[in-house]
Amino acid sequence: MNTGIFVTGVDTEIGKTTIAGALAAILNDEGYDVGVMKPVQSGAVSLDGKLVSEDTRFLKKMSKSRDPAELVNPYLFKAPLSPYHAAKKENAKIDIDRILEAYHNLQKLHDIMIVEGAGGLMVPLTDEVFIGDLARMMGAPALVVAHPYLGCINHTLMTTMAADMLGVETFGIVFNQCMAKKYPEPDFELLSQKSQAPVFGLVEYMEKPEGKTLVNHVRSSLDIPRFLQCVKEAIKGARGRQKSYEQRDKKYIWHPFTQMKDWIESHVTIIESGRGLTLKDVTGAEYLDGHSSYWCNVHGHSNHRLNNAVKKQLNKISHSTFLGLSNAPAVDLAEKLVEITPEGLCKVFYSDDGSTAVEAAVKMSYQYWRHMEPDTKRDRFLAVSNAYHGDTIGAVSVGGIDVYHSTFKDILFKTEFVPAPYCYRCPMDKMYPECSIACADLVDSALTTNRGLFAAMIIEPLVQCPAGIITAPHGYLKKARDICQDHNVLFIADEVAVGFGRTGRMFACEHESVTPDIMTMSKSITGGLLPLAATMTTSKMFDAFIGDYEEMKTFFHGHTYTANQLACATALENISMIKENGVIEQIQEKSAELADMLVRFADLDHVGDIRQRGLIVGIEMVRDKSTREPYDWSERVGVKTSMEAKRRGLIVRPLGNVMVLFPAPASSISQLGEMTDILYDSILKITSQE
Ligand SMILES: Cc1ncc(COP(=O)(O)O)c(C=O)c1O
């Protein structure tokens, strides 16, 4: 739990190294164990046939650091260009992960790190990452070194604004007179007020800024007590934050799906940042995100391209109502959604999350029959046992998980349930494929028994995720769809969890060439950045709502944040990235590798079933493998296993006795390997104790 300061400049040749070195020496004199880092040195000099960084040597000397050069200065390039261009000239590419790993390793060794950037915050490191992004990823606030000459207010404030834009806090500002010419002192008060950061003062020109003389000169020029106070607060802040957030979380917050008694008695993990597959908490502990932040993150956390899409839209407008107005990203996205969803779905109704998308679908299908059959008796829905479609009351009505739903049974509308296609615990005691998917025939029986009374059937195509990753045998979906069509009952495919590639096709319905009457989607639609949902329909559905106003065919339904511009713009970028990066093809390849990694789980004494579709995995733990006897829910084997996995650095959540792995498509093969290793060891440990 220590901190770092990222020294940056309003320009290059501003004296960053001098200031960074002097401050490191001052901190050292004050009793801090100081580490230094120069992540990339371009314009490195050749000494005895070896490239060396003079800046790094200076920083190490001033801070008395004995850390190895490969950590202090992971990259050296000869050309005096931006790091990105200098690397490119040598056909090299800067690996940000390597820099961050070196930084984290150094951080562990020291009380405080002084990192010297290259040039200013907007200097490119790679084609995607700027120096300022690196500061953000390190979680280090920026100390801005500025020149005191004409234009200094403009340059300094542009730098602090860039820091703001990049999500980097400004630690403070130091003016450095890097040339002999004098100029009146800048307006510290105005700068401090506008940047909301302290100005520590101005260091006057020095002929040879070195050693003790430099340190004394900087000490006498700057407000060092104030600087030290800021350092103290930063360090104390890092230490105190976990305690403070944990206490206030427990005092003020009611968490979803959580017994708050347990929560209040447990340690609370406060996530502060995320990058790629890694989540980092306020104590600096890192975890692999094994459930892609509840099934929505696609390209990894802090993805530069997606972040930029949000920023770009932010600079135009964040939100204006969709009632009586439209907006560009919503129109573009609707067109794109029609293009990528199964043929026939051609209208998009926006809402905010999975539950609201389902709520709209349910109400639309109910109202549809009121328009089509004025004397209709269709007052009920058909769903699948163990179904989960969300937590608003309409979604709960078509839900079949007793633990979540039975409390509300008296206020729910009529829904009948057919048994889930749960092959491991077949409701009909049959074996696939000899069964010819007899469970789907139960859809026919239900619709026949109460012919003319059903408005729609709702189904989670291919995988009932919240039920415990229950994977339907191939053909179930199509059979159910065809039966509904034969009975003239609407068919709603809830793709909230499985949509956008998770199963190895853009939408799960594609696996069985199904076009539903209504399709719901959310979660991965924005790549996991912002809440957004869509309920898509065919023209048959849409046309049933068209008429003169007096006919009262309007769908009177909608939410304040419908078609929010930020979310729609993000979704558009997410879909472009899925296409351009070949994410679907990658999921197919990665899921084949993942399947290989899962084979050994079958040998575990208490693993009864392993279910996988694409990158969606459920591992069902059982008390007795031979009889398939489940663990009693009160034993909380799943909860204990996920806690063990967390101790080992993996965030996963169980669904009862089923361990769920739902990694982001951006996971690398080695990350999938790391996740499965941790999960294997955790299951082994917990089930051997029970
Ligand atoms: C299939 C399905 N439908 C709907 C929902 C509800 O989505 P939300 O939590 O965004 O309301 C979920 C959530 O997990 C889901 O898996």
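Predicted model only: the values in this text are computed from it and were never measured.

(A) The site of the ligand, seen in detail. Near the ligand there are 13 residues, and of these Gly354, Ser355, His389, Asp494 and Lys523 occur at the shortest range. Take Ser355: an N or O atom from its side chain is 2.6 Å from an oxygen atom of the ligand. A breakdown of the residues in the shell around the ligand according to their chemical character gives five nonpolar, four polar and four charged.

(B) Highlighting helix H7 (residues 152–166). End to end, H7 covers 21 Å across 15 residues, agreeing with the expected 21 Å (1.5 Å per residue, within 8%). Residues of H7 that are buried make contact with strand S1 (3–9), helix H6 (131–138), strand S8 (142–146), strand S9 (170–176) and helix H8 (188–195). Phi turns positive, to about 80 degrees, at Gly167, one or two residues after H7.

(C) Structural detail: the packing of aromatic side chains. Scanning the model with the defined rule gives 17 aromatic pairs in all. Here Phe322 and Tyr350 contribute two aromatic rings whose centre-to-centre distance is 6.1 Å and whose plane-to-plane angle is 70 degrees, an arrangement assigned as edge-to-face. Here Phe322 is found in the loop between helix H13 (304–314) and helix H14 (328–340), whereas its partner Tyr350 is found in strand S14 (residues 345–351), with 28 residues between them in sequence. Through a chain of ring-to-ring contacts, the aromatic side chains of Phe171, Phe200 and Phe227 assemble into a single cluster.

(D) Geometry of the pattern of salt bridges. Counting across every chain of the model gives 33 salt bridges. Taking the shortest distance from any N to any O, the salt bridge between Arg647 and Glu644 comes out at 3.0 Å. Remark: Glu644 and Arg647 occur in helix H23 (residues 637–647); sequence separation between them is three residues, near one turn of the helix. Overall, the relative accessible area of 61% leaves Arg647 in the exposed class.

(E) Seen up close, the environment of Thr321. Inspection of the secondary structure assignment puts Thr321 in the loop between H13 and H14. On a C-alpha basis, the gap between Thr321 and His559 in space is 9.4 Å, while along the polypeptide they are 238 residues apart. A distance of 3.0 Å separates the side chain of Thr321 from the backbone nitrogen of Leu323, its partner in a polar contact.

(F) Spatial organisation of the packing of H13 against helix H21 (residues 565–580). At their nearest, the axes of H13 and H21 sit 9 Å apart, and the two run at 150 degrees to each other. For the element pair H13 and H21, the recorded crossing hand is right-handed. From H13, Arg305, Leu306, Ala309, Val310, Gln313 and Leu314 reach across to H21, where they touch Gln565, Leu566, Ala569, Thr570, Glu573, Asn574, Ser576, Met577 and Glu580. Partitioning the contact of H13 with H21 into residue classes produces seven nonpolar, five polar and three charged.

(G) View of the pairing of S9. Of all seven residues in S9, seven are buried, a share of seventy percent or more. Here S8 pairs with S9 via five bridges, running parallel. Residue Ala146 lies in a different strand from S9, and its bridge partner there is Phe175. Taken together, S8, H7 and S9 constitute a β-α-β crossover, and its handedness is right-handed. The sheet contact formed by S9 and strand S10 (residues 199–203) spans four bridges and is parallel. Each bridged residue has a counterpart across the sheet, and for Phe175 the counterpart in S10 is Leu202.

(H) Structural detail: the packing of H7 against H8. At a minimum axis separation of 10 Å, H7 and H8 run at an interaxial angle of 20 degrees. One element, H7, and the other, H8, form an angle in the roughly parallel class. In the crossing of H7 with H8, the sense of the turn from one axis to the other is right-handed. Mapping the contact onto sequence places Ile153, Thr156, Leu157 and Thr160 in H7 and Leu190, Leu191, Lys194 and Ser195 in H8.

(I) Structural detail: the side chain of Arg380. Along the chain, the position of Arg380 falls in strand S15 (residues 380–384). Polar side-chain contacts of Arg380 include one of 3.2 Å to the side chain of Glu416. Sequence-distant contacts of Arg380, defined by excluding residues within four places in its chain, comprise Lys414, Glu416, Asn450, Leu453, Phe454, Ala455 and Ala456.

(J) Representation of the side chain of Thr170. Tracing the chain through its elements places Thr170 in strand S9. Residue Thr170 is classed as buried on the basis of its relative accessible area, which comes to 13%. Sequence-distant contacts of Thr170, that is, excluding residues within four places in its chain, are made with Ala142, Val144, Thr160, Ala163 and Ala197.

(K) Molecular detail of the pairing of strand S13 (residues 286–289). One ladder, built from three bridges, connects strand S12 (residues 278–281) with S13; its direction is antiparallel. Looking at S13, one finds that Lys280 is bridged to Glu286. Hairpin connection from S12 to S13: four residues lie between these consecutive antiparallel strands, with Gly284 at a positive phi of about 95 degrees. Bridge analysis of S13 against strand S26 (residues 650–651) gives two bridges, and the strand direction is parallel. In the sheet register, Leu288 faces S26, and the bridge partner there is Leu650.

(L) Structural view of the nonpolar core. Among the nonpolar cores identified, the biggest contains 95 residues, and Leu337, Tyr350, Val443, Met457, Tyr476 and Phe500 are the most heavily contacted of them. A per-element tally of this core places helix H24 (residues 669–689) first, with seven residues. The residues contacting Tyr350, other than those within four sequence positions of it, are Phe322, Ala330, Leu333, Ala334, Leu337, Leu532, Ala533, Ala534, Thr562, Ala563 and Cys568. Counting residues in each nonpolar core, the second largest holds 47 residues, with Leu23, Ile26, Ile114 and Val215 among its members.

(M) Here's a closer look at a negative patch on the surface. A contiguous patch of negative charge, built from Glu585, Glu589, Glu593 and Asp596, is present on the exposed surface. Looking at the secondary structure, you find Asp596 in helix H22 (residues 583–598). What makes Asp596 exposed here is its relative accessible area of 58%.

(N) Seen up close, the sheet that holds S8. Taken in spatial order, the six strands line up as S2-S7-S1-S8-S9-S10 in an open sheet, and their pairing is parallel. Bordering the open sheet on either side are strand S2 (34–37) and S10, each of which pairs with just one other strand. Looking at each pair of strands side by side, their axes are set apart by 20 degrees on average, direction ignored. This element, helix H1 (residues 16–29), spans S1, S2, strand S7 (112–116), S8, S9 and S10 of the sheet and lies at about 170 degrees to S7. Across the sheet, H6 touches S1, S2 and S7, and the angle it forms with S1 is around 170 degrees.

(O) Layout of unusual backbone geometry. Here the residue pair Tyr432 and Pro433 is connected by a cis peptide bond, since its omega of 5 degrees sits within 30 degrees of zero. When you line up the elements, Pro433 lands in the loop between strand S16 (415–418) and helix H18 (438–449). Located in the positive-phi region is Arg628, a residue other than glycine, with phi close to 65 degrees. Among the structural elements, Arg628 can be located in the loop between strand S24 (616–624) and strand S25 (629–630).

Criteria and thresholds
Residues numbered from 1 in each chain as written. Predicted model: local features only at pLDDT ≥ 70, side-chain atom pairs only at ≥ 80, totals over all residues. Heavy atoms only, no water. Near = heavy atom within 4 Å. Polar contact = N/O pair within 3.5 Å; in protein donor to acceptor, adjacent residues only side chain to side chain. Nonpolar A, V, L, I, M, F, W, Y, C, P; charged D, E, K, R; others polar. Helix = DSSP H or I, 4+ residues; strand = E, 2+ residues; numbered from the N terminus. Expected span 1.5 Å × (residues − 1). Contact = heavy atoms within 4.5 Å. Phe/Tyr/Trp six-rings, centres within 6.5 Å; stacked < 30°, edge-to-face > 60°. Salt bridge = Lys/Arg side-chain N within 4 Å of Asp/Glu carboxyl O. Buried < 20%, exposed > 50% of the residue type's maximum accessible area, 1.4 Å probe, protein only. Axes fitted to C-alpha atoms, helices over the stretch in contact; angles between N-to-C directions. Left-handed = near helix turned anticlockwise from the far one by under 90°. Pairing = 2+ DSSP bridges. Right-handed = clockwise from strand over helix to strand, strands pointing away. Parallel < 35°, antiparallel > 145°, perpendicular 65-115°, else oblique. Core = buried A, V, L, I, M, F, W, Y, C linked by side-chain atoms within 4.5 Å. Patch = residues over 30% accessible without salt bridge, like charges linked within 9 Å, V, L, I, M, F, W, Y side chains within 5 Å. Areas by Shrake-Rupley, 256 points an atom, 1.4 Å probe, with all protein chains shown as cover. Lys, Arg positive; Asp, Glu negative; His and termini not counted. Charge placed at Lys NZ, Arg CZ, Asp CG, Glu CD.

Interpretation note: all reported values are geometric properties and have no functional meaning in isolation.
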